[in-house]
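Descriptive structure summary
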Amino acid sequence: MPDDFKDNFKTATIDFNIKYDAFILAQENAFQGTVDKVAANNSIFIKFSDLCADGQTIFAKDETRKALFSMEAVASLIKPTGTATVAVELTNSQTNVPVPGFDLIK
């Protein structure tokens, strides 16, 4: 075993643990973002449902206006936002040069 093995191993372990801790933290933060999004969506849905129920009650005798306070009426107003595009470039970690022949889209 080389004389500097112990020192190199210790340095590599410290470097790994720093990167691993950052990875774990990123995973936790990503999950929390999902939890926050679900909570926000649920809150909006409850408010929307209450609004529709109020509209259905207020305009119970006016079928034209009553129809405006439904999921179908609101859904017809929402237009798709279009497609999303993600550009990815795979690079060599040592040289930062793009890896030839890499294609994310198959």
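In case you missed it, the structure is sitting above this.
Just so you know, the residues in each chain are numbered from 1, in the order the chain's sequence is written. Note on the predicted model: pLDDT of at least 70 is required for a residue's local features to be given, and 80 or more for side-chain atom pairs to be given and counted; whole-chain, interface and lining totals, by contrast, use all residues. Calculated side-chain values reflect all of the structure's heavy atoms, with hydrogen atoms and water omitted.

**Some details on the overall build of the chain**
Helix numbering and strand numbering both begin at the N terminus, where a helix is a DSSP run of H or I of at least 4 residues and a strand a DSSP run of E of at least 2. In terms of helices and strands, the chain carries 3 helices and 0 strands. Moving toward the C terminus, one meets the helices and strands of the chain in the order α-α-α. All radius of gyration figures rest on C-alpha atoms, and the globule criterion is 2.2 Å times the number of residues raised to 0.38. For a compact globule of 106 residues, the expected C-alpha radius of gyration is about 13 Å, and the chain comes in at 27 Å, more than 25% above that figure. Along the first, second and third principal axes, the C-alpha set of the chain runs to 90 × 35 × 15 Å.

**Examining the pattern of salt bridges**
Just to be clear on terms, a salt bridge is a Lys or Arg side-chain nitrogen sitting within 4 Å of an Asp or Glu carboxyl oxygen. Inspection of every chain in the model, using the stated rule, returns 1 salt bridge. The residue Arg-65 makes a salt bridge to Asp-62 at a minimum N-O spacing of 3.8 Å.

**Focus on the packing of aromatic side chains**
In summary, the pairing rule links any two rings of Phe, Tyr or Trp, Trp by its six-membered ring, whose centres are within 6.5 Å, and it sorts them by plane angle into stacked for under 30 degrees, edge-to-face for over 60 and tilted for everything else. Enumeration over the complete set of coordinates arrives at 4 aromatic pairs. Aromatic pair Phe-5 and Phe-9: ring centres 6.0 Å apart, planes at 25 degrees, arrangement stacked. On the criterion of helical spacing, the pair formed by Phe-5 and Phe-9 is a turn pair, its members being 4 residues apart in helix 1 (residues 5-58). With a relative accessible area of 51%, Phe-9 lands in the exposed category. Plain terms: the ring middles of Phe-16 and Tyr-20 are 5.6 Å apart, the flat faces sit at 10 degrees to each other, and that makes the pair stacked. Of the two residues, Phe-16 and Tyr-20 both sit in helix 1, 4 residues apart, roughly one turn of that helix. Burial classes: relative accessible area under 20% of the type maximum marks a residue as buried, over 50% as exposed, and values in between as partly exposed (1.4 Å probe, protein chains only). Judged by its relative accessible area of 41%, Tyr-20 falls in the partly exposed class. Cluster of aromatic residues (ring-pair linked, three or more members): Phe-16, Tyr-20 and Phe-23.

Structural measurements only, silent on function.
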